[in-house]
Every structure is written in C-alpha cells, then in structure tokens.
Amino acid sequence: MINRRQLVCTAGAALLAQIPKAFAATYDLIIRGGRVIDPSIGLDAARDVAVSGGRIMAVAANIASDSAVTIDARGKIVTPGLIDIHTHAGRSADGPPMCLQDGVTGWVDAGTGGADNMDTVAAIARGAPQIGRCLVNIARSGVIAPGGELHDLNAANVALAQAAIARNRDVVIGVKARLSDNVAGANDLEALRRAQEAAAPFNLPVMIHIGQNHTPLRAILALLKRGDIVTHIYAPGMNGILDDKGILLPEVMAARRRGIVFDFGNGVSDHFDWDTVEKATRQGLWPDTFSTDWNTKSKSSGVVDLPNVMSKFFMFGMPLNQIVAGATVNAARCFPAFDDRGTLNVGAPADIAIMELREGTFEFLDNYKGTRTGRQRLFPAETVLNGKRVQRS
C-alpha cells in the first residue's frame, strides 16, 4: 500500500516530468561539434559553443549541459558572425535581412548616401536586424552609377557632409570617396582632401575606392592616415597597385606598414581580375579584409555572397584561418562600432556564422567575365544573431 508521503513523491515526480525541458536548460543555445575557427583568440578546433542572454558563455569541448536550442554543427565551420565592411545594403530595407541569411551579422554601407540622402540610408541601418553602419559619401548625391558623382567638385561639399554626419552620428562611422577616373577624373586628390576634412572633426576614417584613377596611386596613398581603408585593391589598369612590369609598388606595402587597411571589395565592374590578384598575392599583398560591394542583385552576379567571395582566395593559397580573419576580427578592428564583434570570446555578443566548406569543382568569376576553377567553397548554413537562431528563408 502506498502511504501519503510516497503518493506526494510519486505525484511530484510525475509533475516534474511534464515540465518542458527548456525550463531547466543551463544555456539558451548550444552549437555542438563544429570546427570552431576564431582568429581573435587563435582557436581552430572541434568545440561546442554555449550561449545565454545573447552572449557567448563558453567555448569548450563537449559541453555537458542542456540547452533550449541545439544546433548540430558536425562537419561544419563555426566562426564569429561575418562583417562586410563594403556593401550597399542601405539602398533597400530588403538588403540587411538578405545579408543575414549569408552569415553577415554586421555590415557597412559604403557611400550609397551623401549629404542629400544620408538620412534615408541611416534609417535603414537603424532598422536592420543586425548591426548596420554607414559611410557618408563626400559627394552630396551619394553614388551615381553610371556617370559618377565627383566630376563636379561642387558636389564635394564638406559642410554638408559634416552636417549629415552630425545628424546621424549614431550610425555614420566614416566617409567614402570614389576616386576612379570615371567617377572623379582629375578631381580625385581634391575629393580625397575634402573627404578627410569632413571626417577630421569626428575622428573618423576615410574609405577610398580606387581603380583606373587619374592620379598615380602613390600620390593618393601619400594622403592617407592610419586607419583609412583602400577598397578594390586589385583593380587592374592605369595607376593601380602594379607598375607596367607587374611589380607591386613599394608605396603599397609602406602604406600597410603605417596602418592603412587594404580591402578586397569584389564588386561587379572593373574592380579586380585574376591576373592582378595572382601577381599581387605572389608579392605578398593579401587583403586585410574581405568585402562584397554587395547589393540586393548580387546573388545573380559573380559576388553571390560573402562566403563565396572569401572562397576565391583558396585558389591562391590563402589559409582558411587567414580568410576567416578577413571577414571577422580584421573587419571588426576597422571601426570602433564593431569593437565587441568579430570574436567568440566569452562575454561577446553571440553573433555566429556557421558555414559548410565543400570540396568539389567550383567556378568563380572576376569582374571581366574571367573564370577560374577552385576545389573548395564556403557556403552559408546557419546564422545566430544576438544568441538566437535565424530562421532560414
């Protein structure tokens, strides 16, 4: 016969059995069994990643705890959330959610908006699901393509640019100047000077877009300061990083030594060809950061997504850890807004990219319809943003 004490215990056990498993979870989410690559802490090993309250709580082998949500990452690459420092995601409210599907948990709109339309781009950044930031174009119109926005220097209005920064100081983190000949012509150096003047009171960096510029690159690099960014570094043609014999300009590596950041900037037109990449990387010029120059039509171009852009450098012998660094910790270091991103260190925001590294035969495209075949490619698989699994669309 069951006594009253036994009856209470039996009933209690039955009640506990009905409590949802998540109620007793130690962590909100655990990513199990992936190859965790985090260059910020020198980690490349099979690990679990545990998350609570939107923060990284533990990165360790075989975490023996329960969680509300578990992601099986066996056979996959787990990295800090990807940061794309050169996009045009601010052109449309549809852009940021699309980037998020690709593992991009932080992005920078690089000059879509100038003084005349910066408020609109800034509003998209504020409303994005992930952290979005902007560079104000020194040309008040923002990007004009085709045609170019700096053929009339009156467009490069410093006072208006500074006012746009001041109005949107929460999301504007730098100034952009496109210096290609078809954008600025002979105005390139003066446009750069004005961009720097606009940025100076706010202590912001300047990003310059190079490629077929009117002025020799050595003169442009001479004006840059530590922390400034050069994007489209492998642009071929006149006044690029290589001399007419294919030798890397000594001023390029000198600029890197004094703290200038060199960004890939894939894009779709005149920004890189395979020959320039091959010659430059053989001479030691690897990108510090990877970016896409992305917009909502990029899926149908040679860009596709940031993992695809990163994968192009497997063909040139760039190690996976270095590739991951270019889209995580190195990108985060470009702007104080991303100081706590690009890492899986304990306490950091739980922004995480999970990718598949597939072996096979993959065709990659440059900006001149040149194709090369690679044997490895990264594909986005899952994204975790602020500790929550992003629904796949």
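Draft legend 1. Spatial organisation of the overall build of the chain. For the chain, the count of helices and strands is twelve helices and 15 strands. Scaling as 2.2 N^0.38, a compact globule of 393 residues should have a C-alpha radius of gyration of about 21 Å, and the chain matches this with 24 Å. Carbon together with sulfur atoms contributes 52% to the accessible area of the chain, which is approximately 16,400 Å² in total. Treating the 41 positive side-chain charges of the chain as one cloud and the 39 negative ones as another, the clouds have centres 6 Å apart.

Draft legend 2. The arrangement of the side chain of Gln 101 in detail. Examined against the element boundaries, Gln 101 turns out to sit in helix H2 (residues 95-101). Of the polar contacts made by the side chain of Gln 101, one reaches the backbone oxygen of Gln 391; its length is 2.9 Å. Those residues in contact with Gln 101 that sit more than four places away from it in its chain are Pro 380, Thr 383, Val 390, Gln 391, Arg 392 and Ser 393.

Draft legend 3. Inspection of the packing of aromatic side chains at higher detail. Scanning all chains against the criterion turns up eleven aromatic pairs. Taken together, the ring pairs in this structure connect Tyr 234, Phe 264, Phe 272, Trp 274, Phe 290, Phe 313 and Phe 316 into an aromatic cluster. The ring of Phe 379 is capped by Arg 358, whose NZ or CZ atom sits 3.9 Å from the centre of that ring.

Draft legend 4. Broad picture of the environment of Thr 361. Mapped onto the fold, Thr 361 is located in strand E13 (residues 352-365). Judged by its relative accessible area of 58%, Thr 361 falls in the exposed class. With 13 residues separating them in the primary sequence, Thr 361 and Gly 374 have C-alpha atoms 5.9 Å apart. Setting aside residues up to four positions removed in sequence, Thr 361 forms contacts with Thr 373, Gly 374 and Arg 375. Reaching out from Thr 361, the side chain makes a polar contact with the side chain of Arg 375 at a distance of 2.9 Å.

Draft legend 5. Representation of the state of the cysteines. In the structure shown here, the tally under the stated rule is zero disulfides. Here Cys 134 is not cross-linked by a disulfide; its sulfur's nearest cysteine counterpart is in Cys 99, at 12 Å. The thiol sulfur of Cys 334 is not disulfide-bonded, and the nearest other cysteine sulfur, from Cys 134, lies at 16 Å. Owing to a relative accessible area of 11%, Cys 334 belongs among the buried residues under this scheme.

Draft legend 6. Seen up close, the layout of surface pockets. Its volume calculated, the largest pocket comes out at about 570 Å³. Around the largest pocket, the lining is made up of 28 residues, and of these Ala 145, Arg 178, Ser 269, His 271 and Asp 293 lie nearest the centre. Looking at the lining of the largest pocket, the elements with two or more residues in it are strand E9 (172-178) and helix H5 (181-184). Tallied by class, the residues present in the lining of the largest pocket amount to seven nonpolar, 15 polar and six charged.

Draft legend 7. Molecular detail of the confidence of the model for the chain. Here the chain shows a mean pLDDT of 94. Residues at 70 or above account for 94%. Note on residues 1-24: pLDDT is under 50 here. Beyond four places in sequence and across chains, it has four contacts.

Draft legend 8. Layout of the sheet that holds E9. Strand order in the open sheet formed by seven strands is E6-E7-E8-E9-E10-E11-E12, with parallel pairing between adjacent strands. With one partner strand each, in any of the chains shown, strand E6 (82-87) and strand E12 (261-263) form the two edges of the open sheet. In this sheet, neighbouring strand axes are inclined to one another by 25° on average, regardless of whether the strands run parallel or antiparallel. Note: strand E11 (residues 229-231) against E12, three bridges, orientation parallel.

Draft legend 9. A look at empty space enclosed by the protein. Applying the stated rule across the entire model yields two cavities of 30 Å³ or more. As for the largest cavity, its lining consists of Pro 80, Gly 81, Ile 83, Thr 105, Asp 340, Arg 341, Gly 342, Thr 343, Ala 348, Pro 349 and Asp 351. The class makeup of the residues in the lining of the largest cavity is four nonpolar, four polar and three charged. Of the pockets and cavities examined, the second largest cavity occupies roughly 30 Å³. Surrounding the second largest cavity, Asp 84, Cys 99, Asp 102, Val 104, Trp 294 and Leu 306 form its lining.

Draft legend 10. Layout of the packing of helix H4 (residues 158-167) against helix H6 (residues 188-199). Taken N-terminus to C-terminus, the directions of H4 and H6 make an angle of 40°; their axes are 9 Å apart at the nearest point. The pairing of H4 with H6 is recorded here as oblique in orientation. Read as a crossing pair, H4 and H6 show a hand that is right-handed. Facing Val 158, Ala 161, Gln 162 and Ile 165 of H4, the residues of H6 in contact are Arg 194, Glu 197 and Ala 198. Classifying every residue of the contact of H4 with H6 by side-chain character gives four nonpolar, one polar and two charged.

Draft legend 11. Summary view of unusual backbone geometry. Ala 145 connects to Pro 146 through a cis peptide bond whose omega is -5°. Inspection of the secondary structure assignment puts Pro 146 in the loop between strand E8 (131-137) and H4. A positive phi angle, close to 60°, is found at Asp 293, a residue other than glycine. With respect to the secondary-structure elements, Asp 293 resides in the loop between helix H9 (274-282) and helix H10 (306-311). The residue Val 304 is not glycine, and still its phi comes out positive at about 65°. Looking at the element boundaries, Val 304 is found in the loop between H9 and H10.

Draft legend 12. Inspection of the environment of Ala 64 at higher detail. Note that Ala 64 resides in the loop between strand E3 (55-60) and strand E4 (67-72). Sequence-wise, Ala 64 and Met 253 are 189 residues apart; in three dimensions their C-alpha atoms are separated by 48 Å.

Cut-off values and rules
Residues numbered from 1 in each chain as written. Predicted model: local features only at pLDDT ≥ 70, side-chain atom pairs only at ≥ 80, totals over all residues. Heavy atoms only, no water. Helix = DSSP H or I, 4+ residues; strand = E, 2+ residues; numbered from the N terminus. Rg over C-alpha atoms; globule rule 2.2 N^0.38 Å. Areas by Shrake-Rupley, 256 points an atom, 1.4 Å probe, with all protein chains shown as cover. Lys, Arg positive; Asp, Glu negative; His and termini not counted. Charge placed at Lys NZ, Arg CZ, Asp CG, Glu CD. Polar contact = N/O pair within 3.5 Å; in protein donor to acceptor, adjacent residues only side chain to side chain. Contact = heavy atoms within 4.5 Å. Phe/Tyr/Trp six-rings, centres within 6.5 Å; stacked < 30°, edge-to-face > 60°. Lys NZ or Arg CZ within 6 Å of the ring centre and 35° of its normal. Buried < 20%, exposed > 50% of the residue type's maximum accessible area, 1.4 Å probe, protein only. Disulfide = S-S within 2.5 Å. 1 Å grid on protein atoms, 1.4 Å probe; cavity = no way out; pocket = protein on both sides within 12 Å on 5 of 7 lines; lining within 4 Å. Points joined across faces, edges and corners; volume = space filled by probe spheres on them. Nonpolar A, V, L, I, M, F, W, Y, C, P; charged D, E, K, R; others polar. pLDDT = per-residue confidence, 0-100. Pairing = 2+ DSSP bridges. Axes fitted to C-alpha atoms, helices over the stretch in contact; angles between N-to-C directions. Parallel < 35°, antiparallel > 145°, perpendicular 65-115°, else oblique. Left-handed = near helix turned anticlockwise from the far one by under 90°.

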